[in-house]
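Now for the letters of each chain:
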Amino acid sequence: MGVVLRNLFFPKKQAVIFAIKGVIAMSMALTIAMALNLDRPYWALVSAIFLQLRPESGLVIEKALCQIIGTIIGGLFGILLLSQLMSYPYLALGALTIWLGLNSALSAMVRQANFVYAFAMAAVTAEIIVLLVMVSPTTVSSQGIFDVAQARMSEIIIGSICAGIVSHLFWPVKIKNSLQIQARSVINQTLDYLVSELDTKGTHEKRHTQIDGVMATLGLINEDSSAVRYEGPKGPGRSRAANQLAQKVLSLLALIQIFGRLQRNHSDLITADLAQLFNRLKQVLASIAASDNYAFCAEEVKAFRRELTEWRVNNAFEAPFESHMFNVALDITGDLTILLRAYKALQERDKTLLNAPSMLTYRDPLAGIIVGFRTSLVFVIGACIWISTGSSAALMIMILPVIFSIMLARIPLAILRVVIKRLLIGVVAASVVTIFYALNLLAQSGGQLEILLLVLAGPYFLGLLLIADRETLPYGLGFCIPFSILVRPSTDMSLAFTIDYTLSAAMAIFAGVSILFWIFHLFTGPSIQLLVSRVFKATHKDLMEIDNQKMPAIWYNRRMSDRLLRLINYDQGSHSRAITDLALTGLNLGHAMVRVQSICENLVGKKSVSKNLVDEKLEGKKLKCLKKWQYKLADAFLLASQGKCNDDFKQASDLLHQELVAEGHDSAQIDAIKGMFIRINLTLERSAGKIK
């Protein structure tokens, strides 16, 4: 509560500006909705409140678009449902339950909060329309159904548009600024992590703390990169640069594991040349991490790459490991170069960068089913209470908890307890302020719009001050939305002035959020072990299919980003962090597959060209052997995730190596491949041992 009092009485400048913008947006929405004679203009207020959760203009525009699209879809479904099932109320409620569960399940299949909100609006708009019509079914006609749907959709869309306009015109905050800060942060975090991996004195806890920070920041960049495209003509370029930056961070995480694990677990394999390479790489990374000058960092990487190339040309390697490690070091310099350019492109347009696609959300149907079931259950419980009591105030048990059920589904249970408790405190505060302040003054105001806005501005301003801080956001959200619904600002406030209805509605909102709290506790979803197993099985499937993609490394990074974040979240309570280590191994194996396939295909191509013919039989044999090696590696990874290990991958690797030697290909490349095989086999054996 100390933070709450600080934010209320000693707010930061940004919080004050945020609250003023919010009050302006809500005043505009309410004024326009009342001018259009919409019977429930407070839904325009609620719509505007939700758009204030992130004030950056790009995010507000994206959320407004998502809200409008979701509202239109939900409104059309509500009209369709009522036109077909109005005469069968229980069937209508059943169909609405399925619709809510479906949208809730689909919301679990996307990561960006704005896209989750689109599904929430599609669900809740249909729910509001259907329930408000069913409250008095005997007086409703086809035209009446359309009018109700049109009014609810208009109110929500007005709130969206007003919030978007205010965000753009008054003290605009650009998402590009946040994205640039996040990009700088993730680059620094990544470089610090790379140095820690090469530090023989680094601790296990420090490395995992750093990788947690890297992935958390990368998650924020992935979420915000879609919204920055709405900020001017440079927006799409910045979005692509952010995606490229995320790609290269993942590639660097995949590659640096090789060096760190080799030093920690197989120091006997490190030759004098490798030790020199490790020290030089550590020096370069440390100098880049300590500098803020792009030109200096780019020149350092470029010089180191030239140094590595000359080293390879002028020295003969003693062991296969050496050749492989120098190749990996060259790959690291290439990724660092593009990473730095991607950061620069967030500030300056760089048309030469690749059009990197955004990261993909890991979609687990089982998790979606659980989220959909919880939302449906919350609605069914509320519907039973409404049917048994017949109170119109009981509708609040069915509406707000459904919104919160969808919006809070991704939050871990330990944090969710705190969030819902703070929401409940906000609901209590909203009820007290409504009864003893707002309605008391408004009953004496004579119904003037100016007085209505002045009376409401103070509570909304205080609530928005709390929303501006992530730590106190649940208090502010729990206050502002119930306050809007309890006061019901409109031209006709007779129902709100009826004290028994207001108390009943307040109790209904509190009961609904409390029911949601216990639903989350009783139905926590699949176990962590089952979810982890499903992620590893999905990764195994991708390893089997990676060679069928046009850009396999980019394709694999896109799919692994969200999985890594989920696995790290699942594993943060563990001391060994074996799941995190295996997740990073899975990321590395995809890149190793791409590397081996590229080398083998180049070797086959060179041999065919030198003979001036294409030996289809030989090429088919080669590709078949490579495919078998790929499948055995994917299977070995899945076995390691179960704490098991066998010799199938080692045998497949030996067979591929023997064929390459027998065909007389480039010995340096073959040695590099052999070194990679040895390193991967050691990694899988160690990972299987940790999982046990």
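All of the points below concern the structure found in this document.

Quick notes on the rules
Residues numbered from 1 in each chain as written. Predicted model: local features only at pLDDT ≥ 70, side-chain atom pairs only at ≥ 80, totals over all residues. Heavy atoms only, no water. Helix = DSSP H or I, 4+ residues; strand = E, 2+ residues; numbered from the N terminus. Rg over C-alpha atoms; globule rule 2.2 N^0.38 Å. Contact = heavy atoms within 4.5 Å. Areas by Shrake-Rupley, 256 points an atom, 1.4 Å probe, with all protein chains shown as cover. Lys, Arg positive; Asp, Glu negative; His and termini not counted. Charge placed at Lys NZ, Arg CZ, Asp CG, Glu CD. Salt bridge = Lys/Arg side-chain N within 4 Å of Asp/Glu carboxyl O. Buried < 20%, exposed > 50% of the residue type's maximum accessible area, 1.4 Å probe, protein only. Phe/Tyr/Trp six-rings, centres within 6.5 Å; stacked < 30°, edge-to-face > 60°. Polar contact = N/O pair within 3.5 Å; in protein donor to acceptor, adjacent residues only side chain to side chain. Expected span 1.5 Å × (residues − 1). Axes fitted to C-alpha atoms, helices over the stretch in contact; angles between N-to-C directions. Left-handed = near helix turned anticlockwise from the far one by under 90°. Nonpolar A, V, L, I, M, F, W, Y, C, P; charged D, E, K, R; others polar. Patch = residues over 30% accessible without salt bridge, like charges linked within 9 Å, V, L, I, M, F, W, Y side chains within 5 Å. Disulfide = S-S within 2.5 Å. Core = buried A, V, L, I, M, F, W, Y, C linked by side-chain atoms within 4.5 Å. Parallel < 35°, antiparallel > 145°, perpendicular 65-115°, else oblique.

## Describing the overall build of the chain
Consideration 1: Of the regular secondary structure elements, the chain holds 26 helices and zero strands.
Consideration 2: In terms of overall size, the chain behaves like a compact globule, its C-alpha atoms giving a radius of gyration of 29 Å where 692 residues would be expected to give roughly 26 Å.
Consideration 3: Considering only residue pairs separated by 6 or more positions, the chain has 80% of its internal contacts joining residues 24 or more positions apart.
Consideration 4: Per element, the accessible surface of the chain, about 29200 Å² overall, is 60% carbon and sulfur.
Consideration 5: Taken together, the 67 basic and 52 acidic charged side chains of the chain have centroids lying 1 Å from each other.

## Quick notes on the pattern of salt bridges
Consideration 1: The tally for this structure, following the rule as stated, stands at 18 salt bridges.
Consideration 2: In this structure, Asp 335 and Lys 248 form a salt bridge, with 3.3 Å as the shortest nitrogen-oxygen distance. Separated by 87 residues along the polypeptide, Asp 335 in helix H13 (residues 320-345) and Lys 248 in helix H10 (residues 235-265) bring together distant segments of the chain. Judged on exposure class, the residue Asp 335 and its partner Lys 248 are both buried.
Consideration 3: Among the ionic contacts, a cluster of salt bridges with common partners joins Asp 39, Arg 40, Arg 152 and Glu 155.

## Comments concerning the packing of aromatic side chains
Consideration 1: Counted under the stated rule, the structure contains 11 aromatic pairs.
Consideration 2: Ring geometry for Trp 311 and Phe 326: centres 4.9 Å apart, planes at 80 degrees, overall edge-to-face. One end of the pair, Trp 311, is in helix H12 (residues 294-314); the other, Phe 326, is in helix H13, and 15 residues separate them in sequence.
Consideration 3: On the basis of an interplanar angle of 10 degrees and a centroid distance of 5.4 Å, the ring pair of Phe 479 and Phe 483 is categorised as stacked. On the criterion of helical spacing, the pair formed by Phe 479 and Phe 483 is a turn pair, its members being four residues apart in helix H18 (residues 473-487). Each of the two residues, Phe 479 as well as Phe 483, counts as buried.
Consideration 4: A network of ring pairs unites the aromatic residues Tyr 460, Phe 479 and Phe 483 as a single cluster.

## A closer look at the environment of Ser 47
Consideration 1: With respect to the element layout, Ser 47 can be found in helix H3 (residues 42-50).
Consideration 2: The exposure class of Ser 47 is buried, given its relative accessible area of 4%.
Consideration 3: Spatially, the C-alpha atoms of Ser 47 and Arg 488 are 14 Å apart, while their sequence positions differ by 441 residues.
Consideration 4: Ignoring any residue separated from it by four or fewer positions in sequence, one finds Ser 47 in contact with Gln 67, Tyr 117, Ile 156, Gly 159 and Ser 160.
Consideration 5: Looking at Ser 47, its side chain comes within polar contact range of the main-chain nitrogen of Ser 160, at 3.3 Å.

## Things to note about helix H15 (residues 395-407)
Consideration 1: The first and last C-alpha atoms of H15 sit 19 Å apart over 13 residues, in line with the 18 Å expected at 1.5 Å per residue.
Consideration 2: For H15, the tally of buried residues reaches 12 of 13 residues, placing the bulk of the element in the interior.
Consideration 3: Of all the residues in H15, the buried ones are Leu 395, Met 396, Ile 397, Met 398, Ile 399, Leu 400, Pro 401, Val 402, Ile 403, Phe 404, Ser 405 and Ile 406.

## Describing the packing of helix H2 (residues 13-35) against helix H17 (residues 449-467)
Consideration 1: The interhelical angle for the contact between H2 and H17, taken along N-to-C directions, is 140 degrees, at an axis separation of 8 Å. Crossing hand, H2 versus H17: right-handed. Each of Ala 15, Val 16, Phe 18, Ala 19, Ile 20, Gly 22, Val 23, Met 26, Ser 27, Leu 30, Thr 31 and Met 34 in H2 lies in contact with H17, whose residues at this interface are Leu 449, Leu 452, Leu 453, Leu 456, Ala 457, Tyr 460, Phe 461, Leu 464, Leu 465 and Ile 467.
Consideration 2: Counted by class, the contact of H2 with H17 contains 19 nonpolar, three polar and no charged residues.

## Quick look at a nonpolar patch on the surface
Consideration 1: Together, Ile 20, Ile 161, Ile 165, Leu 169, Phe 170 and Trp 171 give the surface a local cluster of nonpolar side chains, amounting to about 530 Å² of exposed area.
Consideration 2: Sort the elements by how many residues they give to the nonpolar patch and helix H7 (residues 142-169) lands first, with three residues.
Consideration 3: Note that Ile 20 resides in helix H2.
Consideration 4: A relative accessible area of 30% means that Ile 20 is categorised as partly exposed.

## Overview of a negative patch on the surface
Consideration 1: Taken together, Asp 635, Asp 647, Asp 648 and Glu 685 make up a surface patch of like negative charges.
Consideration 2: Structurally, Asp 635 is set in helix H24 (residues 616-641).
Consideration 3: A residue is classified by how much of its surface remains accessible, and Asp 635, at 33% relative accessible area, is partly exposed.

## Some details on the state of the cysteines
Consideration 1: Overall, the coordinates contain zero disulfides when judged by the stated rule.
Consideration 2: Left without a disulfide partner, Cys 162 is nearest to the cysteine sulfur of Cys 480, which lies 17 Å away.
Consideration 3: With relative accessibility at 3%, the residue Cys 162 sits in the buried group.

## Let's talk about unusual backbone geometry
Consideration 1: Positive phi, normally seen in glycine, also occurs at Trp 171, with a value near 40 degrees.
Consideration 2: Checked against the element boundaries, Trp 171 lands in the loop between H7 and helix H8 (175-198).
Consideration 3: In this structure Trp 171 comes out as partly exposed when scored by relative accessible area, which is 44%.

## Points about the environment of Ser 251
Consideration 1: Structurally, Ser 251 can be placed in helix H10.
Consideration 2: Through-space distance from the C-alpha of Ser 251 to that of Ala 553 is 8.4 Å; in sequence the pair is 302 residues apart.

## Observations regarding the nonpolar core
Consideration 1: In terms of nonpolar packing, the biggest core is built from 104 residues, with Leu 245, Leu 253, Phe 259, Leu 277, Ile 332, Trp 629 and Leu 656 touching the most fellow members.
Consideration 2: Of all the elements, H10 adds the most residues to this core, at 14 residues.
Consideration 3: The residues contacting Phe 259, other than those within four sequence positions of it, are Leu 198, Leu 277, Phe 278, Leu 281, Met 325, Val 328, Ala 329 and Ile 332.
Consideration 4: In this structure, Trp 99, Val 110, Leu 408 and Phe 517 belong to the second largest nonpolar core, which totals 102 residues.

## Quick notes on the side chain of Ser 104
Consideration 1: In this structure, Ser 104 sits in helix H5 (residues 89-107).
Consideration 2: What makes Ser 104 buried here is its relative accessible area of 0%.
Consideration 3: Reaching out from Ser 104, the side chain makes a polar contact with the backbone oxygen of Val 371 at a distance of 3.2 Å.
Consideration 4: Beyond its immediate stretch of four places on either side in the chain, Ser 104 contacts Val 371, Gly 372, Thr 375 and Ile 406.

## What to know about the packing of H10 against helix H11 (residues 272-289)
Consideration 1: Contact geometry of H10 with H11 gives a least axis separation of 12 Å together with a crossing angle of 130 degrees. One way to sum up the angle between H10 and H11 is to call them oblique. In the packing of H10 onto H11, the handedness of the crossing is left-handed. Facing Phe 259, Leu 262 and Gln 263 of H10, the residues of H11 in contact are Leu 277, Phe 278 and Leu 281.

## Some words on the environment of Gly 202
Consideration 1: Tracing the backbone through its elements, the reader meets Gly 202 in the loop between H8 and helix H9 (204-224).
Consideration 2: Along the chain, Gly 202 and Gly 260 lie 58 residues apart, while their C-alpha atoms are 10.0 Å from each other.

## Points about the side chain of Asn 681
Consideration 1: Turning to its location among the elements, Asn 681 is positioned in helix H26 (residues 667-691).
Consideration 2: What makes Asn 681 buried here is its relative accessible area of 14%.

Everything listed here is a matter of coordinates, which is why it stays silent on function.
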